[in-house]
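Here's the letter readout for the chains.
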Amino acid sequence: MDEKTLIAKRVALELFDGDLVNLGIGLPTLVARYVPVGRHVFFQSENGILGMSGPITGAENNDLTDAGGSPISALPGAASFDSALSFGLIRGGHLDVTVLGGLQLDEEGHLANWMVPGKMVPGMGGAMDLVTGAKRVIVAMQHSAKGESKIVKRCTLPLTSVRRVDLVVTDLAVIEPTDSGLLLKETAPGVTVEQVIANTGAELIVSPDLRTMPLEG
Amino acid sequence: MKNKLISLEDAVARIPDGASILFGGFMAVGGPTRLVDEIIRQRKSGLTIIANDTARPHQGIGKLVVEKLVAKVITSHIGLNPDTQKQMIAGDIEVELVPQGTLAERIRAGGVGLGGVLTPTGVGTTVEEGKRTVEIDGKTFLLETPIKADFALLAAKQADLYGNLTYALTARNFNPIMALAGATVIAEAEDILPVGCIAPDAVMTPSVLVDHIVTARPR
């Protein structure tokens, strides 16, 4: 199993029947594939639909797309709406879970994921509203990039929000930001606590209930 | 009541150089394709455009950027249009980045007569710079100001000849919000219908907000 699949499978276990869930672009999108059987989850796309599903070949419709403009389909029970309502769902506390990628995450649980000054200025899109407003924010990202830990003492990149995220799932570990710091709750299969600590640029508190990451619900 | 259907050429001829324009659409889905192409043909320039994103370089309003007709953009995302980023870095285009939900509410505020909106989004980030904060029940909010524009250019699924509009699925996005915030509102509709064909409950933008309609179907 590659690292992205591992992360997506673990995140999928955090989604429950009836949840309204928004998946960010890239890695988080993969999570939809691994929702445990028997759990019906409503996926929202912030351009104005809940109940989205993968595209049906031959039935693409120019007026039914995801936030990247690619064709999708809709499940029974889906609803479409304008951008103010879409962000009303997000900001108003009606969105159960958002899963987002990350560039940096720090000891306070702050996420930076929308720009690298001087290098990449795509705009924040819906990320700031999602992190500020969702009931639960899950960060799904590789533990390191270019040999450097993405989990750091303090973010050096501009923050997405000052709200503390709820859970971080990487290819090495599951970490929960808490009042006392970053709690290491799970290690990936075959990964030791020492390896996680060695690959993390921030202080970790090892949970007394530390376990191996489950991947099936 | 007058029939609001006019030609594409006439519709765009009403837009002066330097105008501010709200564009419906999200990655060009639900954006007024023919109006954009006609703006390019008539070389309207120095425009301020307000839209969710600047699409891709050869798609939707992304074309206006490529054609260098834009002086300023107020938007939430330019990541898929390298031309916007290039012109921004070169100082040829001014870009104001706004969180998407805040953008929707600022336009809504402009259209419905509110003096601004209070949002938790952006508090403590670079978005807060230069803005007032307000405490309500112990929680901090940013005061975000309303947005209005000289024009709103929309894309609709259906329009009747009075200008009642419907939208389809995710092509709705910013369109109904912008319909309230443009001084002159022009809607490009896929289907143009006799008055009465759109049931009152189905109308998503009432006709009184719409000044002109044009057909999305080339003759």
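Residues numbered from 1 in each chain as written. Chains lettered and ligands numbered in written order. Predicted model: local features only at pLDDT ≥ 70, side-chain atom pairs only at ≥ 80, totals over all residues.

Q: An account of the overall build of chain B is needed here, citing residue identities and associated values.
A: Broken down by element type, chain B carries 6 helices and 11 strands. Its C-alpha atoms give chain B a radius of gyration of 17 Å, near enough to 17 Å, the size a compact globule of 219 residues would have. Reported as C-alpha extents along the three principal axes, the dimensions of chain B are approximately 50 × 40 × 30 Å. Across the 219 residues in chain B, those meeting the buried criterion constitute 55%. A separation threshold of at least 6 residues defines the contact pool for chain B, and within that pool the share at least 24 residues apart is 70%. (Helix = DSSP H or I, 4+ residues; strand = E, 2+ residues; numbered from the N terminus. Rg over C-alpha atoms; globule rule 2.2 N^0.38 Å. Buried ≥ 20, exposed ≤ 12 C-beta atoms within 10 Å, placed from the backbone. Contact = placed C-beta atoms within 7 Å.)

Q: Provide a residue-level description of the overall build of chain A, including the pertinent values.
A: A count of helices and strands for chain A gives 4 helices and 15 strands. Computed over its C-alpha atoms, the radius of gyration of chain A comes to 17 Å, within 12% of the 17 Å expected for a compact globule of 217 residues. Based on the C-alpha atoms only, the size of chain A along its principal axes is roughly 50 × 40 × 30 Å. Split into buried and exposed, the 217 residues of chain A put 46% on the buried side. When contacts within chain A are restricted to residue pairs at least 6 apart in sequence, long-range pairs at least 24 apart make up 63% of them.

Q: Give a description of the sheet that holds strand E6 (residues 104-106) of chain A that names residues and reports values.
A: Here 3 strands make up an open sheet; going across it, the order is E7-E6-E11 (chain A) and the pairing mixed. A single partner strand is all that each edge strand has here, and the edge strands are strand E7 (111-112) and strand E11 (151-152) of chain A. (Pairing = 2+ DSSP bridges.)

Q: Kindly report on the packing of helix H2 (residues 83-91) of chain A against helix H5 (residues 100-112) of chain B, identifying the contributing residues and their values.
A: For the pair H2(A) and H5(B), the least separation of the axes is 9 Å and the interaxial angle reads 130°. It follows from the interaxial angle that H2(A) and H5(B) lie oblique. Seen along the crossing, H2(A) lies across H5(B) with a hand that is left-handed. Where H2(A) abuts H5(B), its residues Ser83(A), Ala84(A), Phe87(A), Ile90(A) and Arg91(A) lie against Gln100(B), Gly101(B), Ala104(B), Glu105(B) and Arg108(B). Residues of the contact of H2(A) with H5(B), tallied by class, amount to 4 nonpolar, 3 polar and 3 charged. (Axes fitted to C-alpha atoms, helices over the stretch in contact; angles between N-to-C directions. Parallel < 35°, antiparallel > 145°, perpendicular 65-115°, else oblique. Left-handed = near helix turned anticlockwise from the far one by under 90°. Nonpolar A, V, L, I, M, F, W, Y, C, P; charged D, E, K, R; others polar.)

Q: Got a sec to walk through unusual backbone geometry? Specific residues and values, please.
A: Residue and element names in this part refer to chain B. For Ala55, which is not a glycine, the phi torsion comes out positive at approximately 50°. Within the fold, Ala55 resides in the loop between strand E2 (47-50) and helix H3 (62-66). Phi at Lys68 takes a positive value of approximately 60°, unusual for a residue other than glycine. When you line up the elements, Lys68 lands in the loop between H3 and strand E3 (70-75).

Q: Report on the environment of Leu64(B), specifying residues and quantitative values.
A: All names here are of chain B. Inspection of the secondary structure assignment puts Leu64 in helix H3. A C-alpha to C-alpha distance of 8.5 Å links Leu64 and Asp37, two positions 27 residues apart in sequence. Residue contacts for Leu64: discarding those within four places in its chain leaves Val36, Ile39, Ile40, Leu47, Ile49, Leu69 and Val70.

Q: Which residues make up the sheet that holds strand E6 (residues 133-136) of chain B, and what values do they have?
A: Residues and elements named next belong to chain B. One open sheet holds the 3 strands; their spatial order is E5-E7-E6, and the pairing between them is antiparallel. Of all strands in the sheet, those with a lone pairing partner are strand E5 (117-119) and E6, marking the two edges. Each adjacent strand pair in this sheet contributes to an overall mean axis angle of 40°, direction not counted. Bridge count for E5 against strand E7 (residues 139-144) is 3 bridges, and the pairing is antiparallel. What sits directly across from Thr119, in E7, is Leu142. Relative to the sheet, H5 contacts E5 and E7, its axis offset from that of E5 by approximately 165°.

Q: Describe H2(A), and please don't skip the residues or the numbers.
A: Among the residues of H2(A), those classed as buried are Ser83(A), Ser86(A), Phe87(A), Ile90(A) and Arg91(A). Down the axis of H2(A), the sector holding all buried residues measures 120°, keeping them to one side. Buried positions along H2(A) lie against strand E1 (20-23) and helix H3 (127-133) of chain A together with H5 and helix H6 (175-178) of chain B. Among the residues trailing H2(A), Gly93(A) stands out with phi positive, at a value near 80°. (Arc of directions from axis to C-beta.)

Q: Pulling in residues and values, what's your account of the interface of chain B and chain A?
A: Listed by partner, the interface residues are 34 residues for chain B and 32 residues for chain A. Broken down by secondary-structure element, the contributors of at least two residues to the side of chain B that touches chain A are H5 and H6 of chain B. The residue makeup of the side of chain B that touches chain A, split by class, is 17 nonpolar, 14 polar and 3 charged.

Q: Which residues make up the nonpolar core, and what are the values?
A: Val139(A), Ala140(A), Leu22(B), Ile49(B), Ala152(B) and Ala187(B) are the most contacted members of the largest nonpolar core, which totals 117 residues. In terms of residue count, strand E8 (residues 149-160) of chain B provides more of this core than any other element does, 8 residues in total. Dropping the residues within four chain positions of it, Ala187(B) is found in contact with Leu154(B), Ala156(B), Ala159(B), Gly163(B), Leu165(B), Val210(B) and Ile213(B). (Core = buried A, V, L, I, M, F, W, Y, C linked by C-beta atoms within 7 Å.)

Q: Can you lay out the pairing of E2(B) for me, pointing to particular residues and giving the numbers?
A: Residues and elements named next belong to chain B. Sheet analysis places strand E1 (residues 20-23) next to E2, joined by 3 bridges and oriented parallel. Note on E2: the bridge partner recorded for Leu22 is Ile50. What joins E1 to E2 is helix H2 (residues 33-41), and the crossover it makes is right-handed. Bridge analysis of E2 against E3 gives 4 bridges, and the strand direction is parallel. What sits directly across from Ile49, in E3, is Val73. (Right-handed = clockwise from strand over helix to strand, strands pointing away.)

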